[in-house]
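Residue-level listing of the chains:
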Amino acid sequence: MRFYVKRTKISTHHQGPIYMRVTIGGKRIDKSTGRAVDINRWIVNAGKTKGNNEETKEINNYLDVLKAQVYDFRTEFMRSGI
């Protein structure tokens, strides 16, 4: 699982939507997180924004929550044996 900024949809204010990519069984699913970030503040390798302001902290916390939810779903899915 990873987060990325979809560079094909960057606004005139250099804001790009943040997408989440999940791969399950070799199938890829890309889903918008509903958040956008200044592309100059995006750390590609980390999949997070850089900085110490409130907006940055809020976005990074939101992405951490999404990641935790995906891992929880994965754990439940594996336990179910489907």
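Preceding block: the structure.
Residues numbered from 1 in each chain as written. Predicted model: local features only at pLDDT ≥ 70, side-chain atom pairs only at ≥ 80, totals over all residues. Heavy atoms only, no water.

(A) Focus on the side chain of Thr49. Among the secondary structure elements, Thr49 is positioned in strand S5 (residues 48-49). Of note is the side chain of Thr49, whose polar atom sits 3.5 Å from the backbone oxygen of Thr56. Sequence-distant contacts of Thr49, defined by excluding residues within four places in its chain, comprise Val37, Arg41, Trp42, Ile43, Thr56, Ile59 and Asn60. (Helix = DSSP H or I, 4+ residues; strand = E, 2+ residues; numbered from the N terminus. Polar contact = N/O pair within 3.5 Å; in protein donor to acceptor, adjacent residues only side chain to side chain. Contact = heavy atoms within 4.5 Å.)

(B) Molecular detail of unusual backbone geometry. Even without glycine at this site, His14 takes up a positive phi of about 65 degrees. With respect to the element layout, His14 can be found in the loop between strand S1 (2-5) and strand S2 (15-24). Given the relative accessible area of 44%, His14 is considered partly exposed. (Buried < 20%, exposed > 50% of the residue type's maximum accessible area, 1.4 Å probe, protein only.)

(C) Expanded view of a nonpolar patch on the surface. Together, Phe73, Phe77 and Met78 make up a nonpolar patch on the protein surface, roughly 340 Å² of accessible area in all. If you trace the backbone, Phe73 turns up in helix H1 (residues 54-80). Residue class for Phe73 comes out exposed when judged on its relative accessible area of 56%. (Patch = residues over 30% accessible without salt bridge, like charges linked within 9 Å, V, L, I, M, F, W, Y side chains within 5 Å. Areas by Shrake-Rupley, 256 points an atom, 1.4 Å probe, with all protein chains shown as cover. Salt bridge = Lys/Arg side-chain N within 4 Å of Asp/Glu carboxyl O.)

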